[in-house]
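Descriptive analysis of the structure
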Amino acid sequence: MAEEQKESKPAGESKKRKTAVFLVLVVITAAVSALVTALLVNIFERKQEAKNPYLRVVDVTEDTVDPAVWGSNWPRQHDGYKQTVQASSTNFGGGDAHPAEKAEKEPWLTRMFAGYAFAIDYRDRRGHAHMLFDQEQTRRVTEKPQPGACLHCHASIIPAYRFVGKGDVMKGFEEVCAMPYQKAHELVDDKGNKLISHPVGCVDCHDPKTMELRVTRPGFLVGIKSLKEHQGTKDYDVNRDATRQEMRSFVCGQCHVEYYFKGDRKTVTYPWSNGLKVEEIEKYYDDMGFTDWKHKETGAPVLKAQHPEFEMWNQGIHARSGVSCADCHMPYKREGALKISDHWVRSPLLNKSRACQQCHHYPEEEIQARADVIQERTHALMRRSAAALVDMLDAINDARKAGAGDEQLKAALAFHRKAQWRLDFVAAENSMGFHAPQEAARILAEAVDYARQGQIAAKAAPRAPATQPGK
Amino acid sequence: MRVLSARKLVALVAIALGTGLGVGLFTFTYARGLSYFSTDPRACINCHIMNDEYDSWGKASHHAAAGCVDCHLPRDTIPKYIAKAENGYRHSRGFTFQDFHEPIQIKPKNSRILQNNCLKCHGDLMHDIVEGSTTDVTSVTCVHCHASVGHGPTR
């Protein structure tokens, strides 16, 4: 009996043990299978990412100005473009939903722009998506009469040019430039649809058939041709002759440039036929006797620098090394297996890993520190130039009060024009010197020099004989 | 409680293990697992993270003389498989969970492997120049200056 019991007990225990082992094995195998299957599905998904770059679900044409329509075919790029509504700022640029007046930080701007619309309203920039709305709202446009020329760069406008020019974009461009701003903005086609409704978008840089980069802005087409002619290349057609890498800068250079409105018809023109440097552009204006406005304090015939990013970048080491605008402002990024350009166009300092680390193998803090050094030095030099400019304005005002006229102040006023043009060239340029640090410093050094020379000339200007009340 | 006979138990365990093994083997094959034991550079773009590195290698001077593993893995068998295991684990984990830094950056140990491989071929010529310079704290690697010999432009 005792032996039987002994035998039966181990038999029961061994059955239990077997069951336990069995269950444990099933659980382990199930867990392993589940994990392996999860991995398999993960690998499958990653492999799918590598397929189907895009699918054309809608047709886009030269007249498709709405980026949302393009977005059905290229949702990743469109997502990036839409991100440009976001407020972003760096140490020296950018603003929120209601950007601050630049003069709040740099009060000298108000004196530099005395008598000009920029003294009324001049705010920090916002993203691409806001460009048309912000132009409609600025007091420079609402309170001063402006031409249709302004829309050249703030709207997806080529279909409007084509409509007005009856198929001829260049003719339509000239017509629309000459219209009052509000009239140009309200243009409608034969069916009564508004022609100008979107800020610059997909169709302005991309060929709708091939998606190749292309330049559409008449101002740039003519401007780059005149520059290339100056450099010895005849009959340059940017869309035919530029390399792909050049196009990655030229499409941005369509608008981020120095320009003026030529003649009574206000044709948007890029002053590049002597070259892109500050004094080469100045020579262009001097030779034709062009003046943006008469300075309200001194009466000097002065120039307004616009936003010469393309010109400044051209003088810098990045341009020299073949690095394009898009390489830093729209760096490549990976989405799944796709390599795409980030269409959230913004400061590289907001995207240092992709924008800078691709070439500069340093930690982000180091990259930021390098940019800070350049921008802070430029800013300090800019403030110094501004102080010199303000001193010169005071000296000229004093001379005028003491009876000096335009004839006596001729030299001082010429220095005013030169100094202000240079200071504004750096101040209006959106990189605080980063696009070409040494060039920015050179320009500001010249600005200081011309301003101080102007100050000396004003102090030395012959005064009218003082009227002594007692005599 | 109903209890399975030992034979049935063994059969079931065999089925369970076989299922696991089958799924595992299929996954291994589907993921081109064997290619990782080859020296074919295309194995390095099985996943697409290094597409740019692969493309730019094709545009650089060394593509005719050296493949990925010639520069990026030790030459001796044991250190080679240790490096393969370390990098393989980190790459698989990063790719599966998608939690790695982009652009990808070389790790210090891999940087040392790379430097040693420069010397494996060029050492006889460069010996006097690089004496000690690859081990010091302030050492400068060959690719610090010769940045484009292995990988050309990525734009």
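To start, this report covers the structure provided alongside it. If you're wondering where the values come from, they're calculated on a predicted model, not measured in any experiment. (Residues numbered from 1 in each chain as written. Chains lettered and ligands numbered in written order. Predicted model: local features only at pLDDT ≥ 70, side-chain atom pairs only at ≥ 80, totals over all residues.)

This brings us to the overall build of chain B. Of the regular secondary structure elements, chain B holds six helices and zero strands. Reading chain B from its N end, one meets helices and strands in the order α-α-α-α-α-α. Relative to its length of 155 residues, chain B is extended, with a C-alpha radius of gyration of 22 Å against a globular reference of 15 Å. In terms of overall dimensions, chain B has a C-alpha envelope of 80 × 35 × 30 Å along the principal axes. Counting the 155 residues in chain B, one finds 10% classified as buried. Taking the intrachain contacts of chain B between residues at least 6 apart in sequence as the baseline, contacts between residues at least 24 apart amount to 65%. (Helix = DSSP H or I, 4+ residues; strand = E, 2+ residues; numbered from the N terminus. Rg over C-alpha atoms; globule rule 2.2 N^0.38 Å. Buried ≥ 20, exposed ≤ 12 C-beta atoms within 10 Å, placed from the backbone. Contact = placed C-beta atoms within 7 Å.)

This brings us to unusual backbone geometry. Residue and element names in this part refer to chain B. The omega torsion of the bond from Glu102 to Pro103 falls at 0 degrees, within 30 degrees of zero and hence cis. Along the chain, Pro103 turns up in the loop between helix H4 (77-97) and helix H5 (108-130). Positive phi outside glycine occurs at Arg32, with the angle close to 55 degrees. For Arg32, the position within the fold is in the loop between helix H1 (6-30) and helix H2 (51-58). Arg32 gets classed as partly exposed once you count the C-beta atoms within 10 Å, which come to 14. Of note in the backbone geometry, Gln98 takes a positive phi value of approximately 55 degrees without being a glycine. Assignment of secondary structure puts Gln98 in the loop between H4 and H5. A count of 11 C-beta atoms within 10 Å places Gln98 in the exposed class.

What follows concerns the packing of helix H19 (residues 364-401) of chain A against helix H20 (residues 410-427) of chain A. Residues and elements named next belong to chain A. Two numbers describe how H19 lies on H20: the axes approach to 10 Å, and their chain directions differ by 155 degrees. By the angle between their directions, the pair H19 and H20 is classed as roughly antiparallel. As for the relative orientation of H19 and H20, their crossing is left-handed in sense. Packed against H19, whose contacting residues are Met382, Ser385, Ala386, Leu389, Met392 and Ile396, the element H20 presents Ala412, His416, Ala419, Gln420, Leu423, Val426 and Ala427 at the interface. Broken down by class, the residue content of the contact of H19 with H20 amounts to ten nonpolar, three polar and no charged. (Axes fitted to C-alpha atoms, helices over the stretch in contact; angles between N-to-C directions. Parallel < 35°, antiparallel > 145°, perpendicular 65-115°, else oblique. Left-handed = near helix turned anticlockwise from the far one by under 90°. Nonpolar A, V, L, I, M, F, W, Y, C, P; charged D, E, K, R; others polar.)

It is worth spelling out H1(B) at this point. The end-to-end C-alpha distance of H1(B) is 35 Å, a good match for the 36 Å that 25 residues give at a rise of 1.5 Å each. B:Arg32 occupies a position one or two residues after H1(B) and carries a positive phi of about 55 degrees. (Expected span 1.5 Å × (residues − 1).)

Turning next to the packing of H19(A) against helix H21 (residues 437-460) of chain A. Between two packed helices, the angle of one axis relative to the other and the distance separating the axes together describe the packing. Residue and element names in this part refer to chain A. The contact between H19 and H21 brings their axes to 8 Å, and the two run at 15 degrees. Here H19 is positioned roughly parallel relative to H21, judged by the angle of their axes. The chirality of how H19 crosses H21 is left-handed. Grouping the amino acids of the contact of H19 with H21 by side-chain chemistry returns 17 nonpolar, four polar and four charged.

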